[in-house]
Amino acid sequence: MSMSLADHPLTPVSSSNLAAVGYDPVERTLLVEFRRTGRYAYDGVPPALYRAFLAAPSLGTFFAAEIRNAYPHRRLENPLSCPTPASSSSPEPTPSSTP
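Residues numbered from 1 in each chain as written. Predicted model: local features only at pLDDT ≥ 70, side-chain atom pairs only at ≥ 80, totals over all residues. Heavy atoms only, no water.

Draft legend 1. Region of the structure containing the nonpolar core. Formed by 19 residues in total, the largest nonpolar core has its most connected members in L18, L30, Y42, F53, F63 and I67. The element contributing the most residues to this core is helix 2 (residues 59–67), with four residues. Contacts of L30, omitting those with residues within four sequence positions, involve G22, Y23, Y40, A41, Y42, V45, Y50, F53 and I67. Counting residues in each nonpolar core, the second largest holds seven residues, with A6, L31, A41 and L76 among its members. (Core = buried A, V, L, I, M, F, W, Y, C linked by side-chain atoms within 4.5 Å. Buried < 20%, exposed > 50% of the residue type's maximum accessible area, 1.4 Å probe, protein only. Helix = DSSP H or I, 4+ residues; strand = E, 2+ residues; numbered from the N terminus. Contact = heavy atoms within 4.5 Å.)

Shown next as structure tokens:
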């Protein structure tokens, strides 16, 4: 039984633009949740590139240079949900704003 990409757990990251990331190695799909625009799937991302992305000094800079325009992507139905594995604390409230 496979999990929907929209429900795939993500790992929170320290970035001003990215909230969390995840990777499905079977589908070779990078999942990125942006702080303001929701969750996107980037198809065909090689495992080595995902590892390099996680190791980059700036995730946002690496993403913009190596991933954003290089791989087909789509917005997923479950934006701004960020389920994380073994998350025991409540998510931090965010102020309401109009996009």
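The discussion continues.
Draft legend 2. Spatial organisation of the confidence of the model for the chain. Here the chain shows a mean pLDDT of 81. Residues at 70 or above account for 75%. Counting contacts from residues 81–99, a segment whose pLDDT is below 50, to residues more than four positions away or on other chains yields 14 contacts. (pLDDT = per-residue confidence, 0-100.)

Draft legend 3. The arrangement of unusual backbone geometry in detail. Even without glycine at this site, R28 takes up a positive phi of about 55°. Among the structural elements, R28 can be located in the loop between strand 2 (18–24) and strand 3 (29–34).

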